[in-house]
Amino acid sequence: MPVKQSDYEASLAEYSNREAAIALLKKHRPYLEMIPSMRRPDESVIAIPLPIVRIRHPKTLALHNGISPTTLQGTVCLPCDIAILMCDPEWKIKMGGEIFVFIHRPHEDFSDLLSRWRQTQVLLDKDYEWLMPPSYQHILSEGDDRFYPLFVLFPETPERIQRGLLGACLPFVTLVPETLDQEETPETVFPESPPA
């Protein structure tokens, strides 16, 4: 049974909320430890759904088929679902690494899911700045050269996708269906080596 569009949309809406994004980071301790202030986590994390960045310097990219080169410049929508940025609660500046959440989409196979992460890496290879939501526009939004993926899977996600993510040493969380006990936490898999 494929992933339902409604499950994808519900997860995107859920993790667009800062508190839910922090709860997601709790499932992968190395990412949780990136939060600048655990005493003020609500002021230390910014969750941006379907994020947009402005590329500062044009660069040449090959299209995904590797044939036609094109120049990328200006504003682009990243192929991830949510960006989680860290912010110093005192100085109100963005800091630390950036976490990109990739929620398994309906009818998406392993190569499609992994390609979204690889495209994000390529797009952010040069200087960029974040187009921040209105409530965060006062925060300095310089891009960072340290970014990390986190994949969100469903019980319906094919097992080959989990195997592929494990093989690529990429961390993922499998969501527990709503019918299960709310106290139960999602299954999390931690790769033995840092993300590629």
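1. Quick notes on the overall build of the protein chain
Check the secondary structure of the protein chain and you find five helices and nine strands. Here the protein chain, with 196 residues, has 43% of them falling under the buried criterion. In the protein chain, the proportion of contacts linking residues at least 24 apart, taken out of those at least 6 apart, comes to 63%. As displayed, the protein chain offers around 10400 Å² of accessible surface, 52% of which is attributable to carbon and sulfur atoms.

2. Re the packing of aromatic side chains
The geometry of an aromatic ring pair is captured by the separation of the ring centres together with the interplanar angle, meaning the angle of the planes. Counted according to the given criterion, the structure contains seven aromatic pairs. A connected cluster of aromatic rings, assembled from ring pairs, spans Phe100, Phe102, Trp117, Tyr128, Trp130, Phe147 and Phe151.

3. Re helix H5 (residues 159–167)
Every buried residue of H5 is listed here: Ile161, Gly164 and Leu165. Burial along H5 is one-sided: seen end-on, the buried residues are contained in an arc of 95°. On the buried face of H5, the contacting elements are helix H4 (110–123), strand E7 (147–153) and strand E8 (172–174). Downstream of H5 by a residue or two, Cys169 has a phi angle that is positive, lying close to 60°.

4. Looking at the confidence of the model for the protein chain
Residues with a pLDDT of 70 or more make up 81% of the protein chain, whose mean pLDDT is 83. Counted against residues more than four places away or in other chains, residues 179–185, with its pLDDT under 50, gives two contacts.

5. Looking at the environment of Gln121
Inspection of the secondary structure assignment puts Gln121 in helix H4. Gln121 sits 24 residues away from Asp145 along the chain, and the two C-alpha atoms are 9.9 Å apart.

6. Here's the deal with the nonpolar core
Residues Phe100 and Trp130 are the most contacted members of the largest nonpolar core, which totals 29 residues. Among the elements of the structure, strand E1 (45–49), strand E2 (52–62), strand E4 (82–87), strand E5 (94–103), H4, strand E6 (128–130), E7 and H5 are those that each provide at least two residues to this core. Here this core takes four residues from H4, the largest share from any one element. Contacts of Phe100, omitting those with residues within four sequence positions, involve Leu78, Cys80, Ile82, Ala83, Trp117, Thr120, Leu124, Trp130, Phe147, Tyr148, Pro149 and Leu150. Counting residues in hydrophobic clusters, the runner-up holds 25 residues, among them Leu12, Ile84, Ile99 and Val101.

7. Side note on the state of the cysteines
Throughout the structure, instances matching the rule amount to zero disulfides. Cys80 supplies the cysteine sulfur nearest to Cys77, a cysteine that is in no disulfide, at a spacing of 7.8 Å.

8. Thoughts on unusual backbone geometry
With phi around 65°, His107 is a residue other than glycine that occupies positive phi space. One non-glycine residue with positive phi stands out, namely Cys169, at about 60°. Mapped onto the elements, Cys169 comes out in the loop between H5 and E8.

9. Side note on a nonpolar patch on the surface
A contiguous nonpolar patch, built from Trp91, Ile93 and Leu140 and spanning about 350 Å² of accessible area, is present on the exposed surface. Relative to the elements of secondary structure, Ile93 occurs in the loop between E4 and E5. Taking the relative accessible area as the measure of exposure, Ile93 reaches 35% and is therefore partly exposed.

10. Digging into the pattern of salt bridges
Per the counting criterion, the structure on display carries nine salt bridges. The partner of Arg29 in a salt bridge is Glu33, and the shortest N-O contact between them spans 3.0 Å. Residue Arg29 shares its accessibility class with Glu33, and that shared class is exposed. Measuring nitrogen to oxygen at the nearest pair gives 2.2 Å for the salt bridge that ties Arg163 to Glu159. Separated by four residues within a single helix, Arg163 and Glu159 lie in helix H5, roughly one turn from each other. Arg163 sits in the partly exposed class, given a relative accessible area of 48%. Several salt bridges share partner residues, and in doing so they unite Asp81, Arg105, Glu108 and Arg116 into one network.

Rules of the game
Counting of residues starts from 1 at the beginning of each chain's written sequence and follows it residue by residue. Under the rules for a predicted model, residues below a pLDDT of 70 receive no local features and side-chain atom pairs below 80 are neither given nor counted, while totals for whole chains, interfaces and linings still include all residues. Side-chain numbers here rest on the full set of heavy atoms in the structure, without hydrogens or water. Strands are runs of DSSP state E lasting at least 2 residues, helices are runs of H or I lasting at least 4, and numbering of each runs from the N terminus. Accessible area is worked out with a 1.4 Å probe on protein chains only. A residue is then buried under 20% of its type maximum, exposed over 50%, and partly exposed in between. Whether two residues are in contact is decided by their heavy atoms, any of which lying within 4.5 Å being enough. Accessible areas in this description were obtained via Shrake-Rupley with a 1.4 Å probe; residue shielding takes into account the shown protein chains only. Here a Phe, Tyr or Trp ring, Trp counted by its six-membered ring, pairs with any other such ring whose centre lies within 6.5 Å, and the pair is stacked when the planes are under 30 degrees apart, edge-to-face when over 60, and tilted otherwise. Our arc is simply the arc of the directions from the helix axis toward the C-beta atoms. On a range of 0 to 100, pLDDT expresses the predictor's confidence in each residue. Definition used in this section: a nonpolar core is a set of buried Ala, Val, Leu, Ile, Met, Phe, Trp, Tyr and Cys residues joined via side-chain atoms within 4.5 Å. Whenever a pair of cysteine sulfur atoms sits within 2.5 Å, that pair is classed as a disulfide. To count toward a patch, a residue needs a relative accessible area over 30% and no salt bridge; like charges are then connected within 9 Å, while nonpolar side chains (Val, Leu, Ile, Met, Phe, Trp, Tyr) are connected within 5 Å. Any carboxyl oxygen of Asp or Glu within 4 Å of a side-chain nitrogen of Lys or Arg constitutes a salt bridge here.

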